[in-house]
Amino acid sequence: MRHSTIRQLEVFEAIARLKSFTRAAEELFLTQPTVSMQIKKLTDEIGLPLFEQIGKKIYLTDAGKELYQTCLGIFEHFSRFEMIASDMKGLKSGKLRLAVVTTAKYFTPRLLGMFCQKYPDIDVALKVTNRERVLERLTNNQDDLYILGQVPDAVDAVAEVFLDNQLVVMASADHPLSCEKKISIERICDELFIMREPGSGTRMATERFFSEQNKKLKVRMELGSNEAIKQAIVGRLGIAVLSRHTLALDAPMGQLAILDVEGFPIERHWYFAYPSGKQLSIVAQTFLEYLRQASDYLDDLSCRHAISGHCPLLKDSQH
Ligand code: PGA
């Protein structure tokens, strides 16, 4: 056992948590044969099987369960040591591990750009995935900080709002509704919708909004990315509810319109969050402080230019 490497334990921990060799390989940017080889070496070293496969599912053996708990303890100790070491170095160096929901990718890299200019010795690892996966990572305490929409009550976390997030109805610029005012919910429900994938926070908020109105949407297709949805809107495959932030920088120019629909925009917010009781490193605390002030700057940079009519190429029928 003493010859097992930290890398092998990392691979083991990822498989045990994700219950999948394939997902573990993806998360660790390794090939599946490499993952299998690492687990074979670890199993040989320990002399007991760690996983058993029943049908298509993977289960931990008793030895596997014990090793999983041991791994969590080891990694927790390591990250505490890293934190102490970087604090001893006198702050502003070390690693910041961030996990953010897909839609936050429209502003997080800009935030990080400014932060890294200020603190060039901080290394940042950014994981972008949907809400369900971010919540899974938060629950497993895999990163330093998380950026997402509201954290459910069932998750024991500290969360603070730092930015608005409006969800709007987008259609192609030449859509007949793009010139209309105060479109009713009934009318919008006649349209075909393009939805984000299950697990997306945007989808969750959209479904909640329409079910509160006792309405069912006609969903033409599901797509796993905001970008793909915008292209599908431009291709006149349907309309969609998306965050205004998705219009920042790279919106298909002049080809999208925000419809003036009753009850819209849906007002959501961006939160930063971390598990309750987590001891934040100095680096994470520094980023948190920076986030609290960064919203003003982001307000300037984001799609509000488009909304207030400064971008002549993007139609916004709400204004
Ligand atoms: P999503 O999350 O990118 O998973 O849709 C966005 C949100 O929670 O508002």
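- Where an unreviewed UniProt entry is consulted, the protein chain appears under the name LysR family transcriptional regulator, with the organism given as Nitrosomonas oligotropha.
- The protein chain has a UniProt comment under Sequence similarities (unreviewed entry) that states "Belongs to the LysR transcriptional regulatory family."

Quick look at the pattern of salt bridges
Close approach of charged atoms lets side chains of opposite charge pair.
Point 1. Summed over all chains, the structure comprises 17 salt bridges.
Point 2. In this structure, the salt-bridge partner of Arg7 is Glu10, at a minimum N-O distance of 2.6 Å. Of the two residues, Arg7 and Glu10 are both situated in helix 1 (residues 6–18); the distance of 3 residues between them amounts to about one turn of the helix.
Point 3. The exposure class assigned to Arg7 is partly exposed, which follows from its relative accessible area of 33%.
Point 4. Here Glu13 makes a salt bridge to Arg17, at a shortest N to O gap of 2.9 Å. Of the two residues, Glu13 and Arg17 are both situated in helix 1; the distance of 4 residues between them amounts to about one turn of the helix.
Point 5. Classification of Arg17 as buried rests on a relative accessible area of 13%.
Point 6. When salt bridges that share partners are traced, they join Glu13, Arg17, Glu27, Arg137 and Asp143 into one network.

Some details on the site of the ligand
Point 1. In the vicinity of the ligand there are 13 residues, among which Thr103, Ser200, Gly201, Thr202 and Arg268 approach most closely.
Point 2. Take Arg131: an N or O atom from its main chain is 3.1 Å from an oxygen atom of the ligand.
Point 3. Measuring from an oxygen atom of the ligand, one finds a side-chain N or O atom of Ser200 at 2.8 Å.
Point 4. In the complex, 100% of the free accessible area of the ligand, which totals 280 Å², lies under the protein chains.
Point 5. At the level of secondary structure, the elements contributing two or more residues to the shell around the ligand comprise helix 8 (201–212) and strand 11 (266–275).
Point 6. Classifying every residue of the shell around the ligand gives 2 nonpolar, 8 polar and 3 charged.
Point 7. Among the domains, domain 2 (92–163 + 269–297) and domain 3 (165–268) are the pair contributing at least three residues each to the shell around the ligand.

Each value, and the rule that gives it
Residues numbered from 1 in each chain as written. Predicted model: local features only at pLDDT ≥ 70, side-chain atom pairs only at ≥ 80, totals over all residues. Heavy atoms only, no water. UniProt positions renumbered as here; feature names shortened; annotations may be inferred. Salt bridge = Lys/Arg side-chain N within 4 Å of Asp/Glu carboxyl O. Helix = DSSP H or I, 4+ residues; strand = E, 2+ residues; numbered from the N terminus. Buried < 20%, exposed > 50% of the residue type's maximum accessible area, 1.4 Å probe, protein only. Near = heavy atom within 4 Å. Polar contact = N/O pair within 3.5 Å; in protein donor to acceptor, adjacent residues only side chain to side chain. Areas by Shrake-Rupley, 256 points an atom, 1.4 Å probe, with all protein chains shown as cover. Nonpolar A, V, L, I, M, F, W, Y, C, P; charged D, E, K, R; others polar. Domains from an automatic or database assignment.

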